[in-house]
Amino acid sequence: MASSLSSNSKARREYPLNFSWGKIGWQLARIIGLLFTIVFIFLPVVWLALTAFKLPIDAYSTKVFFEPTLKNFQTIFLPPRSFGPMVLNSMVVSTVTVAITIPLATLAAYAFSRYQFKSKNVLLVWVLSTQFIPPVVVVLPFFTLFRDINLLDTRTGLVILNLSFTLPFAVWMIKGFIDALPPQIEEAAIVDGCHQLQLLYYVTLPLVMPGIITSAVFTFIQSWNEFLFALILTRREATTLTIGLMSLNAERGILWEQMAAAGLIVMIPIFMLSFSIRRYFVEGITMGAVK
Amino acid sequence: MRERHATYYLLGPAIVALTLTTLYPFVYAFLLSFRDWRLSKSPTPGAFVGLENYVRAFDDPNFINSVVVTINYTIISVALSMIIGLVIALVLQKPSRLNTFLKAFLIFPFAMAPALKGFTWRFMLNPHFGILDELIDFVFPPLQDVVWLGEPGWALFWLAITEVWGWAPYIALVFIGALDSMPGDIFDAAKVDGASTVKTFYYITLPMLMPIIVMVTLLKTIFSVKQFDAVVTLTGGGPGRATETMNYYVYQTGFKFFDMGYASALAYLLVTAMFIFAFLYVRTIIREGQ
């Protein structure tokens, strides 16, 4: 930057003082910005991770150096905390939600992307706008329905409600990835005598696999992090990890060392998954539009 | 002909699932909003009361409060997300090894469970052993005596920050993507013409980012209006009712006081507000697609 500017003598003559002070100022601003960014991004995560390995006595202080312990993880998996079943519930609910969402969304996305039909635009806008319905509106009627058909406090109930936000998101996201494929490849396959569904299975599907995997990861993250439905619909049997966090709010206040350990368990799978799709992350959300 | 059959088979399952999980509750809640139904008194919906639930909402100071809180919260969190997102983007935009490393971590705050974000910030803001509280006291000693989550204004501010922490890095990534795809020769030309950094940013970068800024602002607004998880885990709506958003108030009405009819009416008022932003957003997306 400096060399290209100094080669232009006119620019230098016009802003002689301004330029050098400005440069120092910008450098300083950049460093402050960088520091701010680093602290802002990392502090909460690092602090939570540190606290998870602290003894209670260290957890209630701002010590950075302490003797690490795994006791907190032990505590939350033993009764009365018993996080084991909650981990299982979160795993099962999220996995089943993905297993139902992705095939349904892929088929629908393919139809939206490749076929022309009468009510296509109406349906597309409908699918997109369902994402704007606040979850609390969805859960009101389902609470009473589930109570009548005995689905309260079940994983099945949670999966059904999760579909209300994962499905529209995944349809839009996968549609975005299919739209980005050049249609020539499929046209060539049709010339070669490929049947419609063969085309989808043998040609399109392998090509959009990265997009489908990205959607699957997003769907998993959304279900894993889901809080409102689980808070309202589960009591004991089907409670997920995010609700488990609430149980650490005891009478004498929150047990922070246990909260941090449980927080790490909630956080780590999500971090690993989101890291695996980081290349598609931004594109993915923009395509899926809204939660 | 064959294609039409294929369309039915492909779309059918998703449409059926969506109808069941979104259209059904949407319609049912609408019908409920005209009924008197206190779950604690009767297991089935009670009498038809016309618009009474809606009329009641406008006389309910707690509801009015939740509307004001939601508006304030949305403005603070959208504005801060955009500004901090832009700052992070400008800081990390230049290719360097440190920046590549940092960019890889930007997705983590966004992916973290919002409920956990609430607890994490609550921990850091604790007046006795919170790391952030201590840091702030060190940098700005006059703020030493502030109990962050005990004062209405600050509680709302930190609730917003909790969400901004997740969103600003994501918005930064979107901006970096947009900045990277801008043609470099315009910036070279500006440099040759002797434009200052500020002028280049104001007259070139910002106008070129505008379409994306509009889209992200709308998206962020929709999410802010939907905010719920961190309200429960950070403030519980308090102190008093200072952080009781519309979502939270509907939840309280429906599932703490079991007044289902009234909760449905409140939910529908929320839907109406969402619909305005949703309409703007869908229009922007469709325009973008064409």
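Residues numbered from 1 in each chain as written. Chains lettered and ligands numbered in written order. Predicted model: local features only at pLDDT ≥ 70, side-chain atom pairs only at ≥ 80, totals over all residues.

Here's the deal with the overall build of chain B
Then, in step 1: Along the backbone of chain B there are 13 helices and zero strands.
Then, in step 2: Along chain B, helices (α) and strands (β) appear in the sequence α-α-α-α-α-α-α-α-α-α-α-α-α when read from the amino end.
Then, in step 3: Projected onto its principal axes, the C-alpha coordinates of chain B cover approximately 75 × 70 × 30 Å.
Then, in step 4: Out of the 290 residues in chain B, the part that is buried amounts to 43%. (Helix = DSSP H or I, 4+ residues; strand = E, 2+ residues; numbered from the N terminus. Buried ≥ 20, exposed ≤ 12 C-beta atoms within 10 Å, placed from the backbone.)

Some remarks on the overall build of chain A
Then, in step 1: Broken down by element type, chain A carries 15 helices and two strands.
Then, in step 2: Across the 291 residues in chain A, those meeting the buried criterion constitute 44%.

Topic: the packing of helix α14 (residues 256–276) of chain A against helix α6 (residues 114–124) of chain B
Then, in step 1: One can describe the packing of α14(A) onto α6(B) by two numbers: an axis separation of 11 Å at closest approach and a directional angle of 145 degrees. Along this stretch, α14(A) crosses α6(B), giving a crossing that reads as left-handed. For the pair formed by α14(A) and α6(B), the contact residues are Trp256(A), Met259(A), Gly263(A), Val266(A) and Met267(A) on the first element and Leu116(B), Phe119(B), Thr120(B) and Phe123(B) on the second. (Axes fitted to C-alpha atoms, helices over the stretch in contact; angles between N-to-C directions. Left-handed = near helix turned anticlockwise from the far one by under 90°. Contact = placed C-beta atoms within 7 Å.)

Notes on the confidence of the model for chain B
Caution is warranted with low-pLDDT regions, since their predicted coordinates should not be read in detail.
Then, in step 1: In this model, chain B carries a mean pLDDT of 86, and residues with pLDDT of at least 70 account for 98%.
Then, in step 2: Interface scoring of the predicted complex returns ipTM 0.86; its pTM is 0.87. (pLDDT = per-residue confidence, 0-100.)

Some words on the interface of chain B and chain A
Then, in step 1: Between chain B and chain A, the residue contacts involve 75 residues of the former and 74 residues of the latter.
Then, in step 2: If one sorts the elements of the side of chain B that touches chain A by residue count, helix α1 (residues 2–32) of chain B sits on top with 18 residues.
Then, in step 3: Class assignment for the residues of the side of chain B that touches chain A results in 57 nonpolar, eleven polar and seven charged. (Nonpolar A, V, L, I, M, F, W, Y, C, P; charged D, E, K, R; others polar.)

Let's talk about the domain arrangement of chain A
Residues and elements named next belong to chain A.
Then, in step 1: As assigned here, chain A comprises domain 1 (2–52) and domain 2 (74–288).
Then, in step 2: Measuring from the centre of the C-alpha atoms in domain 1 to the corresponding centre in domain 2 gives 40 Å.
Then, in step 3: Contacts between the two partners involve four residues from domain 1 and, on the opposite side, six residues from domain 2.
Then, in step 4: Among the residues making up the side of domain 1 that touches domain 2, the classes are represented as three nonpolar, one polar and no charged. (Domains from an automatic or database assignment.)

A closer look at the confidence of the model for chain A
Residues and elements named next belong to chain A.
Then, in step 1: Averaged over every residue, the pLDDT of chain A is 83; residues scoring 70 or more account for 90%.
Then, in step 2: Within chain A, no element has a lower average pLDDT than helix α1 (residues 2–6), which sits at 44, and none a higher one than helix α6 (residues 84–114), at 93.
Then, in step 3: This stretch, residues 1–14, has a pLDDT under 50; its non-local contacts, to residues over four places away or in other chains, come to eleven contacts.

Concerning unusual backbone geometry
All names here are of chain A.
Then, in step 1: Cis geometry is found at the peptide bond from Pro79 to Pro80, where omega equals 5 degrees.
Then, in step 2: Here Pro80 is to be found in the loop between α5 (71–77) and α6.
Then, in step 3: Of note, Asn150 is a non-glycine position whose phi angle comes to about 60 degrees, a positive value.
Then, in step 4: Located in the positive-phi region is Asp153, a residue other than glycine, with phi close to 60 degrees.
Then, in step 5: Tracing the sequence through the fold places Asp153 in the loop between α8 (135–148) and α9 (155–179).
Then, in step 6: By the C-beta count within 10 Å, which is 17 here, Asp153 ends up partly exposed.

Quick look at the environment of Ala47(B)
All names here are of chain B.
Then, in step 1: Mapped onto the secondary structure, Ala47 falls in the loop between α1 and α2 (52–59).
Then, in step 2: Each C-alpha atom of the pair Ala47 and Arg35 lies 5.6 Å from the other, and the pair is twelve residues apart in sequence.
Then, in step 3: In this structure, Ala47 is in contact with Arg35 and Asp36, ignoring residues within four places of it in sequence.

Description of the environment of Ala14(B)
Then, in step 1: Among the structural elements, Ala14(B) can be located in helix α1.
Then, in step 2: When near neighbours in sequence (up to four residues on either side) are disregarded, Ala14(B) contacts Leu104(A), Ala105(A), Leu107(A), Ala108(A), Leu167(A) and Val171(A).

Topic: the environment of Val138(A)
Residue and element names in this part refer to chain A.
Then, in step 1: With respect to the helices, strands and loops of the structure, Val138 is situated in helix α8.
Then, in step 2: A tally of 24 C-beta atoms within 10 Å means that Val138 is categorised as buried.
Then, in step 3: Put simply, Val138 and Thr214 are 76 residues apart on the chain and 26 Å apart in space, counted from C-alpha to C-alpha.

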